[in-house]
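Breakdown of the fold
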Amino acid sequence: MATEVPDLTPLDYYLWGHMKTLVYETKVESRAALRHHIFVAAEHVRNYPDNIASATQSLLMRAENCIATGGGHFEQLL
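Cut-offs used in this document
Residues numbered from 1 in each chain as written. Predicted model: local features only at pLDDT ≥ 70, side-chain atom pairs only at ≥ 80, totals over all residues. Heavy atoms only, no water. Helix = DSSP H or I, 4+ residues; strand = E, 2+ residues; numbered from the N terminus. Buried < 20%, exposed > 50% of the residue type's maximum accessible area, 1.4 Å probe, protein only. Contact = heavy atoms within 4.5 Å. Expected span 1.5 Å × (residues − 1). Arc of directions from axis to C-beta. Salt bridge = Lys/Arg side-chain N within 4 Å of Asp/Glu carboxyl O. Core = buried A, V, L, I, M, F, W, Y, C linked by side-chain atoms within 4.5 Å.

Examining the overall build of the chain
- From N to C terminus, the chain includes three helices and zero strands.
- Its helices and strands in sequence order give the chain the pattern α-α-α, from N to C terminus.
- In the chain, buried positions account for 14% of the 78 residues.
- In the chain, of all internal contacts separated by at least 6 residues, the share reaching a separation of at least 24 is 33%.

Overview of helix α3 (residues 49-68)
- Across its 20 residues, α3 extends 29 Å between first and last C-alpha, which sits within 8% of the 28 Å expected from 1.5 Å per residue.
- Within α3, the full set of buried residues consists of I52, A55 and N65. Buried positions in α3, seen along its axis, are confined to an arc of 160 degrees and lie on one side of it. Turned more than 90 degrees off the buried face of α3, the exposed positions are D50, Q57, E64, I67 and A68.
- At the C-terminal side of α3, G70 shows a positive phi close to 65 degrees.

Describing the side chain of H37
- Relative to the assigned elements, H37 resides in helix α2 (residues 31-47).
- The contacts of H37, once residues within four sequence positions are left out, are V23, T26, K27 and V28.

Comments concerning the pattern of salt bridges
- Taken as a whole, this structure holds one salt bridge when the rule is applied.
- The shortest N-O distance in the salt bridge between R46 and E43 comes to 2.6 Å. Remark: E43 and R46 occur in helix α2; sequence separation between them is three residues, near one turn of the helix.

Brief notes about the nonpolar core
- In terms of nonpolar packing, the biggest core is built from six residues, these being M19, L22, V23, A41, V45 and I52.
- Elements supplying a minimum of two residues to this core: α1 (10-23) and α2.
- Per-element tally for this core: the top contributor is α1, with three residues.
- If we skip the residues at most four places from it in the chain, V23 touches V28, L34, H37, I38 and A41.

Structural measurements only, silent on function.
Structural data, given as structure tokens:
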């Protein structure tokens, strides 16, 4: 039986990476502490939506530059 793979976008990967960074900023000693860290991280994401908007804009800018160079090097355009 095939395993289902969720439909993840680059923004989803950014969000999960950002959440993981926030959750594990300090050492987690217990399951309760982990749960608390997750809730605090989710609240942070909710209170600072500009972080997500910034990641979206950055991704779009990189994609546009990549297309403009025909898939070539575009780092100089960033």
